[in-house]
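# Summary of the model geometry
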Amino acid sequence: MGHHVLPGNPPVELTLRRSARARRISLRVSGLDGRVTLTLPRGVAECEALDFAHQKGDWLRAQLQARPDHVAVFPGVEIPVEGQLLRIASQIGRRVQAQESTLLVPGPPEVAATRVQAWLKTRARDRLAAASDHYAATLGRSYTRISLRDTRSRWGSCSTSGGLMYSWRLIMAPRDVLEYVAAHEVAHLAEMNHSPAFWAVVERLMPGYIAPRSWLRENGAGLHRYRFGD
């Protein structure tokens, strides 16, 4: 719709977007790239929305300042695995191993990031396949395949042909968050929408899903701060 620069120290660039579905003016700071979006409901004048943004200027700058920096993965760095922080350490051996609060990685430091990423992806596939199998069996539906990607716009998806796609970074989140995303996508095998009927299916598959859903909304973007050199 357009752009506007909010004066101040520092100035903040806003992307203005009009939405027929929005019920009120809203401001959103992307956890991925820091982009600030000002959403206007139908019938709200642009000047009114900009006044709202001006009033929220201090809050906006605090949100932008609090965005996590990127973390390069190498020995000595802590990364989350199923919600628990593990410190990467080099070891002599053949495979990556999680022991208490340490992630032991064989080989020289320069290959640690690649090996940790491969280990995380394998663990993610195992956990997501098990969760998807469980929820699909509960629902009495079947899916056609599972694929893993490093998606930034969504944590999972379900195609009309029954294919499930997940972000492998879900293995870094607490286990109930991974399970919620699996329940969410499997529920789409029955309801390819986000209607009340869909959420009823999610509730049946995973009672209490609201807490992990909230965790993902509030903390999910932080999982993208870890860089594996790819």
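Quick caveat, the model's predicted, so the values are computed rather than measured.

## Some remarks on the overall build of the chain
When its secondary structure is counted, the chain shows six helices and 13 strands. Oriented by its inertia axes, the alpha-carbon framework of the chain measures out at about 65 × 45 × 25 Å. Within the chain, the fraction of its 230 residues that count as buried is 42%. For the chain, the share of sequence-separated contacts (at least 6 apart) that also reach a separation of at least 24 residues comes to 46%. If you sum the accessible surface of the chain, you get close to 12900 Å²; carbon and sulfur atoms cover 48% of it.

## Some thoughts on the pattern of salt bridges
A full pass over the atoms with the stated rule returns five salt bridges. A salt bridge links Arg87 to Glu78; the shortest N-O distance between them is 3.4 Å. With a relative accessible area of 42%, Arg87 lands in the partly exposed category. The class for Glu78 is partly exposed, based on a relative accessible area of 34%. Here Glu82 ties to Arg127 by a salt bridge, and the two come within 3.2 Å at their closest N and O atoms. Here Arg127 lies in helix 3 (residues 112-139) and Glu82 lies in the loop between strand 6 (78-81) and strand 7 (84-91), a separation of 45 residues in the sequence. The exposure class assigned to Arg127 is partly exposed, which follows from its relative accessible area of 26%.

## Focus on the sheet that holds strand 9 (residues 102-106)
Here we have four strands laid out as an open sheet, ordered 6-7-9-8, and mixed in their pairing. In this open sheet, the two edge strands, each paired with only one partner strand, are strand 6 and strand 8 (97-99). Between one strand axis and the next, the sheet turns by 40° as a mean value, whatever way the strands run. Pairing between strand 8 and strand 9: three bridges, direction antiparallel. For Ala98, the partnering residue across the bridge sits in strand 9 and is Leu103. Of the strands in this sheet, strand 6, strand 7, strand 8 and strand 9 are in contact with helix 3, which crosses strand 9 at around 115°.

## As for helix 2 (residues 57-65)
Taken together, the buried positions of helix 2 are occupied by Gly57, Leu60 and Arg61. The buried residues of helix 2 occupy an angular sector of 95° when projected down its axis, which confines them to one face. Looking at the buried positions of helix 2, the neighbouring elements they touch are strand 1 (2-6), strand 2 (12-19), strand 3 (26-29), strand 4 (36-41) and helix 1 (46-55).

## A word on the side chain of Arg61
With respect to the secondary-structure elements, Arg61 resides in helix 2. A polar contact is formed between the side chain of Arg61 and the backbone oxygen of Pro10, at a distance of 2.8 Å. With residues near it in sequence (within four places) discarded, Arg61 still touches Leu6, Pro7, Gly8, Asn9, Pro10 and Val12.

How each quantity is defined
- Residues numbered from 1 in each chain as written.
- Predicted model: local features only at pLDDT ≥ 70, side-chain atom pairs only at ≥ 80, totals over all residues.
- Heavy atoms only, no water.
- Helix = DSSP H or I, 4+ residues; strand = E, 2+ residues; numbered from the N terminus.
- Buried < 20%, exposed > 50% of the residue type's maximum accessible area, 1.4 Å probe, protein only.
- Contact = heavy atoms within 4.5 Å.
- Areas by Shrake-Rupley, 256 points an atom, 1.4 Å probe, with all protein chains shown as cover.
- Salt bridge = Lys/Arg side-chain N within 4 Å of Asp/Glu carboxyl O.
- Pairing = 2+ DSSP bridges.
- Axes fitted to C-alpha atoms, helices over the stretch in contact; angles between N-to-C directions.
- Arc of directions from axis to C-beta.
- Polar contact = N/O pair within 3.5 Å; in protein donor to acceptor, adjacent residues only side chain to side chain.

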